Number of protein chains: 2
Amino acid sequence: MKINILGASTTKFGELWNVSPRTLAKEAMENALKESGLKASQIDALFVGNMLSGILGNQANLGSLIAEELGVQIPAFRVEGACASGGLALHNAINGLKAGQYRTVLVLGIEKMTDHNQDEITNALMAAGSDEERMAGATFPGVYALMAQAYMQKYKVTEEDLAAISVKNHYHGSLNPKAQFQSPITIAHVMKSSKIADPLKLLDCSPISDGAAAVIITSDDSIKIKKPVYIAASEVATDTLSLHDRKSFTSLSAVVGASATAYKKVGIKPQDIDVCEIHDCFSISEAIATEDLRFSEKGFGAKDIAKGKRTLFKGSIICNPSGGLKACGHPVGATGIKQIVEITEQLRGEAGKRQVEKAKIGLTHNVGGSGAVAVIHILQN
Amino acid sequence: MKINILGASTTKFGELWNVSPRTLAKEAMENALKESGLKASQIDALFVGNMLSGILGNQANLGSLIAEELGVQIPAFRVEGACASGGLALHNAINGLKAGQYRTVLVLGIEKMTDHNQDEITNALMAAGSDEERMAGATFPGVYALMAQAYMQKYKVTEEDLAAISVKNHYHGSLNPKAQFQSPITIAHVMKSSKIADPLKLLDCSPISDGAAAVIITSDDSIKIKKPVYIAASEVATDTLSLHDRKSFTSLSAVVGASATAYKKVGIKPQDIDVCEIHDCFSISEAIATEDLRFSEKGFGAKDIAKGKRTLFKGSIICNPSGGLKACGHPVGATGIKQIVEITEQLRGEAGKRQVEKAKIGLTHNVGGSGAVAVIHILQN
């Protein structure tokens, strides 16, 4: 069964203080519907990826709430797995189609984060961590800083090497009108930015963002599609919540596992990927991800990017043409779906200034917690 | 494809102050595994139904957390739809099997509520409602009291008629060693209990509870099953979050829609059901549910029960042999799975003192919010 993408759209990401979560959801859904040429009444079910609405806004039951906003009383679900909520919602939506339970469904990722103060957000995000990490006073930059320390020491990687990842992603963001940050930065900017958790500095970290993204997928092959893009694989794997329970600090086993299964099911090698969206919540995350996804040799993820190899725009496997979490923004529940929207636009050849040439196979890499869950999707045209 | 139940177990429901959520989850999962004869390594994926862990305990990412507790790194998901979270998790698990993505999965429902004070719980539960309801100061007993007022007026139903529902469910609970309340009560007890939201009194309301329930389901027909029970239908429907946006206060359209589809898919009539578990968060909920499920004529749900007709133990469609939410308890995320466990035990003939004679077809009715989402499962042996 082919799972085709009929519509894909994101709102602008950023500090969107003047819109409610309902308005944000509506905008993404209406644009995806418009693109698909479908009416809301043709949608069989709704899957919502969201992490924080309950914790920060005391609003649960987001499936029903968003279905109400869509104006239809259809089966609706909220799927949550921290920052991987969007990807996990899509995975369950795909299962719903393959099961024959639904034919055409809408998947929305949404998060509204900037209306809350910094302490509230920091604590809320630690809901993705473990009791031990919270009790030790860890924050997510702190947890990823531990990974960065271990990685830099093991592979003789410098802060400048890591900084190159943010520079690349800000450059890509400068080409994306939906990105939260559209200004290019330099290594010097990153190095001079405030230290958050050694060795991570402000410009190594993705921002707090608002945003929504929607995709409409179908198993109905009677629907004509102008520029067909389909989802060839959707794989999920998990790991321990706590960093200290893992065998390695410099590789995420959930990413290794889910991506290996995805490559195998589609019958491709990592090098066959033309374009990908990586979950770069911190610069170190992208360095490790490019290795776990087998784009770079172990220890060379950051170095390859610093040398302008492989993952920069016009390279051989372009990573994060949207600007990634770093520059495009990271409304946590929306991120996994925004990645799908970006790859869809790339494979359709509709990505404007940031179009990757001859993009035929794309991958998305969405992670929850410090690697406790990973979702890999492979898209083809 | 047949979706067989291999294992089904609940913990004791009640005020379980001495156990953590992890311990509670582990107990339910280990007992379900023991019953199935499987090892954790034979489980392909995990689906967790939970509403409040983020809001009350600042713990998200429950899929990964519970997978860690199970000791396996498998795909794991948290599905949330307020008090219907358990049923919605099962629905997505079934889709996962039918899609061919997974063969044998575990579905856990869990909630830990009694460690928090009354105000915290009351506010947290209103996360299932709408902004308007919260801003008006409504609580869930308040919202259901409005439904009860409308229902009593429209159909000339008395408080004593509604009280009969609690009396029936406490009688059933007295036969269930896992129930939170195992003491029978009388109409006089209900009538004398404190008023919560007119006309609902304390004994019209389900309690705040802790508990976990787990089922293991498979599409693998090579696994031998001693007493086979399978899931014949799994249907979901939604409605508006706010009561005031609905056409009727005396019927839940999500329940009407999901149950009609389920009956049709299985090819049975409501009267073919032998035993069912109803989401009686309040006495009024069961009255309306028996009508929406078409067990009773419109306006006769409570009256039929008051007359000892139909739904009482030894009647023709036994409702809530577990004691229902009222007497068995209502750990919200666990409820939808506990219902499946109860019906499984009934269809296997293993329900002990509360065994419904010749039970062959069972139904579960799991609702989120004041009817914003409904999940119906039909089980057969």
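Quick notes on the rules
- Residues numbered from 1 in each chain as written.
- Chains lettered and ligands numbered in written order.
- Predicted model: local features only at pLDDT ≥ 70, side-chain atom pairs only at ≥ 80, totals over all residues.
- Heavy atoms only, no water.
- Helix = DSSP H or I, 4+ residues; strand = E, 2+ residues; numbered from the N terminus.
- Buried < 20%, exposed > 50% of the residue type's maximum accessible area, 1.4 Å probe, protein only.
- Areas by Shrake-Rupley, 256 points an atom, 1.4 Å probe, with all protein chains shown as cover.
- Least-squares fit on C-alpha atoms with pLDDT ≥ 70 in both.
- Contact = heavy atoms within 4.5 Å.
- Salt bridge = Lys/Arg side-chain N within 4 Å of Asp/Glu carboxyl O.
- Expected span 1.5 Å × (residues − 1).
- Core = buried A, V, L, I, M, F, W, Y, C linked by side-chain atoms within 4.5 Å.
- Axes fitted to C-alpha atoms, helices over the stretch in contact; angles between N-to-C directions.
- Parallel < 35°, antiparallel > 145°, perpendicular 65-115°, else oblique.
- Left-handed = near helix turned anticlockwise from the far one by under 90°.
- Nonpolar A, V, L, I, M, F, W, Y, C, P; charged D, E, K, R; others polar.
- pLDDT = per-residue confidence, 0-100.
- Domains from an automatic or database assignment.
- Buried area = accessible area lost by both parts, 1.4 Å probe.
- Polar contact = N/O pair within 3.5 Å; in protein donor to acceptor, adjacent residues only side chain to side chain.
- Pairing = 2+ DSSP bridges.

### So, the overall build of chain A
- Of regular secondary structure, chain A possesses 14 helices and 12 strands.
- Its C-alpha atoms give chain A principal-axis dimensions of roughly 55 × 45 × 35 Å.
- Here chain A holds 381 residues, and 68% of them are scored as buried.
- For chain A, the exposed area adds up to about 12,900 Å²; of that, 52% sits on carbon and sulfur atoms.

### What to know about the relation of the copies chain B and chain A
- Expressed as a screw operation, the relation of chain B to chain A combines 0.0 Å of axial shift with a rotation of 180°, fitting to an RMSD of 0.0 Å. Accordingly, the operation relating the two chain copies is best matched by a two-fold axis.
- A share of 100% of the interface residues of chain B reappears at the interface of chain A, consistent with the copies meeting face to face through the same patch.

### A look at the pattern of salt bridges
- Enumeration according to the criterion identifies 44 salt bridges over all chains in this entry.
- Where Arg246 of chain B meets Asp239 of chain B, a salt bridge forms, and the shortest distance between an N and an O atom there is 3.4 Å.
- With a relative accessible area of 8%, Arg246 of chain B lands in the buried category.
- On the basis of relative accessible area, Asp239 of chain B is assigned to the buried category, the value being 6%.
- Because the salt bridges share partners, they merge into one network encompassing Glu159, Lys195, Asp198, Lys201 and Asp204 of chain A.

### A word on helix H1 (residues 21-36) of chain A
All names here are of chain A.
- Here H1 contains 16 residues, and its C-alpha end-to-end distance of 23 Å stays within 8% of the 22 Å for a straight helix at 1.5 Å per residue.
- As for H1, its buried residues are in contact with strand E1 (3-10), strand E2 (45-49), helix H3 (62-70), strand E4 (104-112) and strand E7 (210-218).
- Immediately downstream of H1, the backbone of Gly37 shows phi near 75°, a positive value.

### Regarding the environment of Gln42 of chain A
All names here are of chain A.
- Considering the arrangement of structural elements, one finds Gln42 in the loop between H1 and E2.
- Gln42 sits in the partly exposed class, given a relative accessible area of 40%.
- When the C-alpha atoms of Gln42 and Val105 are compared, they prove to be 8.6 Å apart, with 63 residues separating the residues in sequence.
- Not counting the four nearest positions on each side in its chain, Gln42 is found in contact with Gly37 and Thr104.

### Let's talk about the nonpolar core
- Ile217 of chain A together with Ile217 of chain B are the most contacted members of the largest nonpolar core, which has 70 residues in total.
- Non-local contacts of Ile217 of chain B, meaning those with residues more than four positions away in its chain, are made with Ile3, Asn4, Ile5, Leu90, Ala93, Ile94, Leu97, Arg103, Thr104, Val105 and Ile231 of chain B.

### What to know about the packing of helix H7 (residues 140-155) of chain B against helix H11 (residues 283-292) of chain B
Residues and elements named next belong to chain B.
- Contact geometry of H7 with H11 gives a least axis separation of 9 Å together with a crossing angle of 60°. By the angle between their directions, the pair H7 and H11 is classed as oblique. Here H7 runs over H11; the crossing is left-handed. For the pair H7 and H11, contact is made by Tyr144, Met147, Ala148 and Tyr151 and by Ile284, Ser285, Ala287, Ile288 and Glu291, respectively.
- Broken down by class, the residue content of the contact of H7 with H11 amounts to 7 nonpolar, 1 polar and 1 charged.

### So, the packing of helix H4 (residues 85-98) of chain B against helix H14 (residues 332-348) of chain B
All names here are of chain B.
- Relative to each other, H4 and H14 sit at 60°, their axes nearing to 5 Å. Contacts from Ser85, Gly86, Gly87 and Leu90 of H4 reach H14 at Gly333, Gly336, Ile337 and Ile340.
- Of the residues in the contact of H4 with H14, the class split is 3 nonpolar, 5 polar and no charged.

### Details of the confidence of the model for chain A
- Mean pLDDT for chain A: 96, with 98% of residues reaching 70 or above.
- Both confidence scores are given for the complex: pTM 0.98, ipTM 0.97.

### Quick word on helix H11 (residues 283-292) of chain A
Residue and element names in this part refer to chain A.
- Of all 10 residues in H11, 10 are buried, a share of seventy percent or more.
- When we look at burial in H11, the residues that qualify are Ser283, Ile284, Ser285, Glu286, Ala287, Ile288, Ala289, Thr290, Glu291 and Asp292.
- Arg294 sits one or two residues past H11 and shows a positive phi near 65°.

### Overview of the domain arrangement of chain A
Residue and element names in this part refer to chain A.
- By the assigned domains, chain A splits into domain 1 (3-117 + 210-218) and domain 2 (135-206 + 230-380).
- Distance between the C-alpha centres of domain 1 and domain 2: 23 Å.
- Taken together, the contact between domain 1 and domain 2 spans 42 residues of the former and 34 residues of the latter.
- Carbon and sulfur atoms make up 69% of the area that domain 1 and domain 2 hide from each other, which totals about 2,700 Å².
- When the buried area of domain 1 at its contact with domain 2 is split by residue, Ile5, Phe13 and Cys83 rank highest and sum to 25% of it.
- At the surface where domain 1 touches domain 2, the tally comes to 1 salt bridge.
- In this structure, the salt-bridge partner of Glu35 is Arg348, at a minimum N-O distance of 2.8 Å.
- Where domain 1 packs against domain 2, one counts 9 residue pairs in polar contact (both at pLDDT 80 or more).
- At the level of elements, E1, helix H4 (85-98), E4 and E7 are the ones that each hand at least two residues to the side of domain 1 that touches domain 2.
- Looking at the side of domain 1 that touches domain 2 element by element, the count peaks at 8 residues for E1.

### Topic: the interface of chain B and chain A
- Of the residues lining the interface, 57 residues belong to chain B; the matching set on chain A comes to 57 residues.
- Buried surface at the junction of chain B and chain A, summed over both partners, amounts to about 4,100 Å²; 43% is from carbon and sulfur atoms.
- In this structure, the connection of chain B to chain A is made through 2 salt bridges.
- The interface formed by chain B and chain A contains 31 residue pairs in polar contact (both at pLDDT 80 or more).
- Mapped onto the side of chain B that touches chain A, the elements with two or more residues apiece are helix H2 (53-57), helix H3 (62-70), strand E3 (76-80), H4, helix H5 (118-125), helix H6 (131-135), strand E8 (230-238) and helix H10 (253-266) of chain B.
- Sorting elements by how many residues they give to the side of chain B that touches chain A places H4 of chain B first, with 6 residues.
- Tallied by class, residues from the side of chain B that touches chain A come to 25 nonpolar, 22 polar and 10 charged.
- In this structure, strand E3 (residues 76-80) of chain A lies alongside E3 of chain B, joined through 3 bridges in antiparallel fashion. Bridge pairing in E3 of chain B places Arg78 of chain A opposite Glu80 of chain B.

### Let's talk about the pairing of strand E11 (residues 361-368) of chain B
Residues and elements named next belong to chain B.
- Where burial is concerned, most of E11 is hidden: 8 out of the 8 residues are buried.
- Of the two faces of E11, the one holding Ile361, Leu363, His365 and Val367 and the one holding Gly362, Thr364, Asn366 and Gly368 are both buried throughout.
- Direction of pairing for strand E9 (residues 275-277) relative to E11: parallel, over a ladder of 3 bridges. Bridging from a neighbouring strand, Cys276 pairs with Leu363 of E11.
- Here 8 bridges tie E11 to strand E12 (residues 373-380), and the two strands are oriented antiparallel to one another.

### Quick notes on the environment of Glu277 of chain B
Residue and element names in this part refer to chain B.
- Within the element layout of this structure, Glu277 appears in strand E9.
- Along the chain, Glu277 and Lys112 lie 165 residues apart, while their C-alpha atoms are 21 Å from each other.
- If near-sequence neighbours (up to four positions away) are discounted, Glu277 is found in contact with Asn320, Pro321, Ser322, Gly324, Lys338, Gln339, Glu342, Ile343, Leu363, Thr364 and His365.
- Among the polar contacts listed, one links the side chain of Glu277 to the side chain of Lys338, at a separation of 3.2 Å.

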